[in-house]
Amino acid sequence: MIKRIFILLALVGLVLMFIPFLRDFDFHKELSKLSSQYVEGSINDLNTQNVVTSVIVTYRGLDTLGEVTVLFLTTAGVGFLLRKKKASLKTRRSSELLQTASQFLFVLIILTGIFIFTHGHLTPGGGFQGGVLITTAFLLLILADVNLKFNYSILHFVESFSGVFYVMIGLFGFLILGMNSFLDPTILPLGNYGKLLSAGAIPVIYSLIGLKVGSELTTIIDKMGGE
Amino acid sequence: MIFSLILGFLLLIIGLYGMLTQKNLIKIVIGFSIVDTGTHIIIVSIGYLSGKTAPILDSTVDLANAAKQVVDPIPSALVLTAIVIGLAVTALMLSFVIKLYQKNKSLSIDDYQELKW
């Protein structure tokens, strides 16, 4: 009982802290200076239609590299906790409908995912969304057959390949453009505005992020599906 | 939008309440997920500018004057990565729950007293 009162007091305190923030919050009418700089730079310097992509991949590229590292760490944690070799579970067969549909939809979902991460600089979407979409395709396969075994060597190869190349593209910036250019996408030609092959290395980097996210989350789902 | 900001704070408080009062480990993870969603809504609604369009500069946006027509891209970029990281962290917490359940055959937080003082 006394614990519950303390919890309520803590929450009420939190609400009281939030109220001044809500009351005094004034919404901007214009973009801040930094944001308009990003929008202008996305058009003039990077040839990227999707400003969110240019912020993620270029202006805050180091941040994204950190996020991918966090993702890798959580995958390593899940793999460490659930490392026991999964025994073949005796389960009821999943329904005919799910099995047929998963085989039919698998390829389509993978294709949509690849489309989303290769067009990340033109349309809404990008590596993170495309990677998650690819994972849902594998999730569908696992739902249809729990005892499904993946080819781990391919999965691990894709994961390490995309991670290594992501860092290497960043280092190419150092080598080609000089000291301040880690993860600078202008190492490749910028192309025409609004075309698929434009925006320098942004589509390449985002595709690598997509593969990385897809393979990491597939590993997580595979480990958890065995339990 | 002040309403989405209030909704975000409401979700944050509901999630914290759930995390503090529930005994079931899986319900605590669900509470964490709700806090996560609330934070995302707050960040996105801070970057919203009323009457402006998404920061994707295709033919519908006048390129000469683009900065006047779009919402703030930075909060969207932050939330985009945070959603995927939140998914992975939830998976990590659930695998902790699986491991704890396998060891002690209980999902109640009261049965795990080792770290309590």
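Calculation notes
- Residues numbered from 1 in each chain as written.
- Chains lettered and ligands numbered in written order.
- Predicted model: local features only at pLDDT ≥ 70, side-chain atom pairs only at ≥ 80, totals over all residues.
- Heavy atoms only, no water.
- Core = buried A, V, L, I, M, F, W, Y, C linked by side-chain atoms within 4.5 Å.
- Buried < 20%, exposed > 50% of the residue type's maximum accessible area, 1.4 Å probe, protein only.
- Helix = DSSP H or I, 4+ residues; strand = E, 2+ residues; numbered from the N terminus.
- Contact = heavy atoms within 4.5 Å.
- Buried area = accessible area lost by both parts, 1.4 Å probe.
- Salt bridge = Lys/Arg side-chain N within 4 Å of Asp/Glu carboxyl O.
- Polar contact = N/O pair within 3.5 Å; in protein donor to acceptor, adjacent residues only side chain to side chain.
- Nonpolar A, V, L, I, M, F, W, Y, C, P; charged D, E, K, R; others polar.
- Expected span 1.5 Å × (residues − 1).
- Axes fitted to C-alpha atoms, helices over the stretch in contact; angles between N-to-C directions.
- Parallel < 35°, antiparallel > 145°, perpendicular 65-115°, else oblique.
- Left-handed = near helix turned anticlockwise from the far one by under 90°.
- pLDDT = per-residue confidence, 0-100.
- Bend = angle between axes of the 7 residues up to and from the residue.
- Phe/Tyr/Trp six-rings, centres within 6.5 Å; stacked < 30°, edge-to-face > 60°.

Caption draft 1: Structural context of the nonpolar core. Grouped together as the largest cluster of nonpolar side chains are 45 residues, with contacts concentrated most on Val39, Ile56, Phe128 and Ile205 of chain A together with Leu57 of chain B. Those elements giving two or more residues to this core turn out to be helix 2 (33-44), helix 3 (51-59), helix 4 (61-81), helix 7 (152-177) and helix 8 (202-225) of chain A together with helix 3 (73-104) of chain B. Looking at this core, the element that brings in the most residues is helix 8 of chain A, giving nine residues. Of all hydrophobic cores here, the second largest spans twelve residues; its members include Leu11 and Leu22 of chain A together with Ile13 and Ile42 of chain B.

Caption draft 2: Expanded view of unusual backbone geometry. Residue and element names in this part refer to chain B. Of note in this structure, Lys105 is not a glycine but carries a positive phi near 55°. Along the chain, Lys105 turns up in the segment after helix 3. The exposure class of Lys105 is exposed, given its relative accessible area of 59%.

Caption draft 3: Broad picture of the interface of chain A and chain B. Each partner contributes residues to the interface: chain A has 52 residues there, and chain B has 48 residues. When chain A packs against chain B, the two sides together hide about 4,400 Å² of surface, and 78% of this comes from carbon and sulfur. Where chain A packs against chain B, one counts zero salt bridges. The interface formed by chain A and chain B includes four residue pairs in polar contact (both at pLDDT 80 or more). Among the elements that line the side of chain A that touches chain B, the one with the most residues is helix 1 (residues 2-24) of chain A, at ten residues. Each residue belonging to the side of chain A that touches chain B can be placed in one class, and the counts come to 34 nonpolar, nine polar and nine charged.

Caption draft 4: Here's a closer look at helix 8 of chain A. Between its terminal C-alpha atoms helix 8 of chain A stretches 34 Å, which fits the 34 Å expected from 24 residues at 1.5 Å a residue. With respect to burial, helix 8 of chain A is a largely interior element, 19 of its 24 residues being buried.

Caption draft 5: Examining the packing of helix 4 of chain A against helix 8 of chain A more closely. Residues and elements named next belong to chain A. In the contact formed by helix 4 and helix 8, the axes pass within 9 Å of each other and the chain directions differ by 20°. Of the possible angle classes, the one that applies to helix 4 and helix 8 is roughly parallel. Along this stretch, helix 4 crosses helix 8, giving a crossing that reads as left-handed. Here Thr64, Val68, Leu71, Phe72, Thr75, Val78 and Gly79 of helix 4 lie close against helix 8, whose contacting residues are Ile209, Lys212, Val213, Glu216, Leu217, Thr219, Ile220, Lys223 and Met224.

Caption draft 6: Broad picture of the confidence of the model for chain A. The pLDDT averaged across chain A works out to 83; a share of 96% of its residues lies at or above 70. Taking the mean pLDDT of every element in chain A, the minimum, 82, falls on helix 2 of chain A and the maximum, 89, on helix 5 (residues 96-118) of chain A.

Caption draft 7: Structural context of helix 5 of chain A. All names here are of chain A. Here helix 5 spans 34 Å end to end across 23 residues, near enough to the 33 Å set by a 1.5 Å rise per residue. If you look at helix 5, its biggest bend is around 35°, right at Leu105. The set of residues buried in helix 5 consists of Ser102, Ile109, Ile110, Gly113 and Phe117.

Caption draft 8: Seen up close, the packing of helix 2 of chain A against helix 3 of chain A. Residue and element names in this part refer to chain A. Packing of helix 2 against helix 3 leaves a shortest axis separation of 10 Å and a crossing angle of 90°. When the interaxial angle is binned, helix 2 and helix 3 end up roughly perpendicular. Facing Tyr38, Val39, Gly41 and Ser42 of helix 2, the residues of helix 3 in contact are Val51, Ser54, Val55 and Tyr59. Each residue belonging to the contact of helix 2 with helix 3 can be placed in one class, and the counts come to five nonpolar, three polar and no charged.

Caption draft 9: Highlighting the pattern of salt bridges. All chains considered together, the criterion is met by three salt bridges over all chains. A salt bridge links Arg23 of chain A to Asp24 of chain A; the shortest N-O distance between them is 3.6 Å. For the pair Arg23 of chain A and Asp24 of chain A, a shared accessibility class is recorded, and that class is exposed. Of the charged contacts, one joins Lys23 of chain B and Asp110 of chain B as a salt bridge, the two residues approaching to 3.7 Å between their closest N and O atoms. Highlighted residues: Lys23 of chain B in the loop between helix 1 (2-21) and helix 2 (25-46) and Asp110 of chain B in the segment after helix 3, separated in sequence by 87 residues. For Asp110 of chain B, a relative accessible area of 35% puts it in the partly exposed group.

Caption draft 10: The arrangement of the packing of aromatic side chains in detail. According to the stated counting rule, one finds six aromatic pairs over all chains in the structure shown. When the centroid spacing of 5.7 Å and the interplanar angle of 85° are considered together, the rings of Phe21 of chain A and Phe9 of chain B count as edge-to-face. Note that Phe21 of chain A is positioned in helix 1 and Phe9 of chain B in helix 1, a pairing that runs across two chains. A relative accessible area of 36% means that Phe21 of chain A is categorised as partly exposed. Classification of Phe9 of chain B by relative accessible area gives buried; the value is 7%.

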